[in-house]
Amino acid sequence: MHDTTALLIELGAIILALGLLGRLAGRVGLSPIPLYLLAGLAFGQGGILPLQASEEFVATGAEIGVILLLLLLGLEYSASELVTTLKTQYPSGAVDFVLNAAPGAAMAFLLGWGPVAAVALAGVTWISSSGVIAKVLGDLRRLGNRETPVVLGVLVLEDLAMAVYLPILTALLAGVSLAGGAVTLLISLGTVGAVLYVALRHGRLVSRAVSSDNAEMLLLVVLGLTLLVAGLAQQLQVSAAVGAFLVGIALSGEVAEGASSLLTPLRDLFAAVFFVFFGLHTDPGAIPPVLAPALALAVVTTLTKIATGYWAARRAGVSARGRWRAGGTLVARGEFSIVIAGLAVGAEPRVGPLATAYVLILVILGPLAARWTEPLALRLTHRPAPAPGTAVPDTTAGPDRALDPTPGPAGRTGPPGPPEGDATAGRRSGPGQEVVHAHR
């Protein structure tokens, strides 16, 4: 009875604290992710008041949080959207990978951490924060801007690449042989290909089998199916997160929309628990020694993400202003950098403190970069710049895409949709974040 009482008290305190921190973050216009991480640092190993009774429950909740993050991400994309984006935007994805994964890998080798840590840290610096970026696009009223489909296209490619990257990382962390790693990768690629094929050819049948007019039944079936597939994927060393992502891709139409609305509150709760759990298992005393490498990585990868967005937008025919906006928007790192670091800390504990410091820096710097990259770049190049956050039509290629008075995504004004050939990405969201919505 005493253990149960202590568990309830600790869980209640944790959830209440998360709610208050989320409200505080909303008032100051920041993502709640850094506050969740700081809360974990305060109540974890070496913190102010270490938790005891709820540690096992929080660990399980953190696993569910990762699974729900990837499931909801998969629900936002249809298989056809992913295939179209892959065909049209893959050069931008390749540039994104080379420019932003290389600094993380190089830093791991410079610190003498070895190849496994290099692969993990490459992922941490590579993947942008979809949740923070979605909120920034809405806050700055850029959902209808010409460069926005380019930004979303890069993010979609990063998500799709996760289905290949995570199994490789999982195999390396498990210490399997080269042959075993190749088998794991082949299983992952085969699974991804099979799911995309089934979703493209028979997606309606899959959705019909899962569909239910009863919200309770739909919630139970989708959540149960996701946990089952995630567990089987974990058993095959493919990664539970990839399994959840594939379940989301396989569902479409009204089923995807209904499941997304039902599962979003659960995702937000357990994702917040995940960030707290990551902080709990990071010793605050281990962060000061890695602050210098984290700051150096933050500076370098801020510049490389800006270069990535600029190049991708230039390839799409966007004007100079839109190119700088696209680059600044991609700077933020967040939830998936922490997911990758969370997988790696078991084999290389030093990755955790560095990833925490790095994400704390860029999750705060990201919104600032999105707002100020364009005016600063235009000032340095001696061009007049509009006020930050002002939507400006791009005229470099094709007709103007100025914001018109018709209602756009998330209640904003904007054009009916991106032009043909642009990435028609689905919603991208994080814990408590505004979303960028496109009908599936």
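Attention in this report is confined to the structure presented alongside it.

Reading guide: rules and limits
Residues numbered from 1 in each chain as written. Predicted model: local features only at pLDDT ≥ 70, side-chain atom pairs only at ≥ 80, totals over all residues. Heavy atoms only, no water. Helix = DSSP H or I, 4+ residues; strand = E, 2+ residues; numbered from the N terminus. Contact = heavy atoms within 4.5 Å. Areas by Shrake-Rupley, 256 points an atom, 1.4 Å probe, with all protein chains shown as cover. Axes fitted to C-alpha atoms, helices over the stretch in contact; angles between N-to-C directions. Parallel < 35°, antiparallel > 145°, perpendicular 65-115°, else oblique. Nonpolar A, V, L, I, M, F, W, Y, C, P; charged D, E, K, R; others polar. Phe/Tyr/Trp six-rings, centres within 6.5 Å; stacked < 30°, edge-to-face > 60°. Salt bridge = Lys/Arg side-chain N within 4 Å of Asp/Glu carboxyl O. Buried < 20%, exposed > 50% of the residue type's maximum accessible area, 1.4 Å probe, protein only. Expected span 1.5 Å × (residues − 1).

1. Some details on the overall build of the chain
And then number 1: For the chain, the helix and strand inventory stands at 15 helices and zero strands.
And then number 2: Pairs at least 24 residues apart make up 80% of the contacts formed inside the chain by residues separated by at least 6 positions.
And then number 3: For the chain, the exposed surface amounts to about 18600 Å²; the carbon and sulfur share of it is 67%.

2. A few points about the packing of helix 4 (residues 79–110) against helix 7 (residues 148–173)
And then number 1: Viewed as axis vectors pointing N to C, helix 4 and helix 7 meet at an angle of 90 degrees, and their least axial separation amounts to 8 Å. Our classification of the angle between helix 4 and helix 7 gives roughly perpendicular. Where helix 4 approaches helix 7, its residues Leu82, Thr85, Leu86, Gln89, Tyr90, Ser92, Gly93 and Asp96 are matched on the opposing element by Pro149, Gly153, Val154, Val156, Leu157, Glu158 and Leu160.
And then number 2: Taken together, the residues that form the contact of helix 4 with helix 7 break down as eight nonpolar, five polar and two charged.

3. Observations regarding the packing of aromatic side chains
And then number 1: One pass over the full model with this rule turns up four aromatic pairs.
And then number 2: Considering the side-chain rings of Tyr310 and Trp324, the 4.7 Å spacing of their centres and the 55 degrees angle between planes classify their relative orientation as tilted. Within this pair, whereas Tyr310 is found in helix 12 (residues 291–315), its partner Trp324 is found in helix 13 (residues 320–329), the two being separated by 14 residues in sequence.
And then number 3: Here the aromatic residues Phe97, Trp126 and Tyr165 are joined through ring pairs into a cluster of three or more.

4. Structural notes on the pattern of salt bridges
And then number 1: Counted according to the given criterion, the structure contains five salt bridges.
And then number 2: Among the ionic pairs, Arg325 bridges to Glu147, the shortest N-O distance being 2.8 Å. Of the two residues, Arg325 sits in helix 13 while Glu147 sits in the loop between helix 6 (130–139) and helix 7, which places them 178 residues apart along the sequence.
And then number 3: You can call Arg325 buried: its relative accessible area is 1%.
And then number 4: Two residues, Glu158 and Lys305, come together in a salt bridge whose shortest N-O distance is 2.6 Å. Here Glu158, found in helix 7, pairs with Lys305, found in helix 12; they are 147 residues apart in sequence, far enough to count as distant.

5. A look at the environment of Gln234
And then number 1: Its location among the elements puts Gln234 in helix 9 (residues 215–235).
And then number 2: For Gln234, a relative accessible area of 44% gives the class partly exposed.

6. Here's the deal with helix 12
And then number 1: For helix 12, which comprises 25 residues, the first-to-last C-alpha distance of 36 Å matches the rise-based estimate of 36 Å (1.5 Å per residue) to within 8%.
And then number 2: In the segment just after helix 12, Gly317 is the residue with positive phi, at about 80 degrees.

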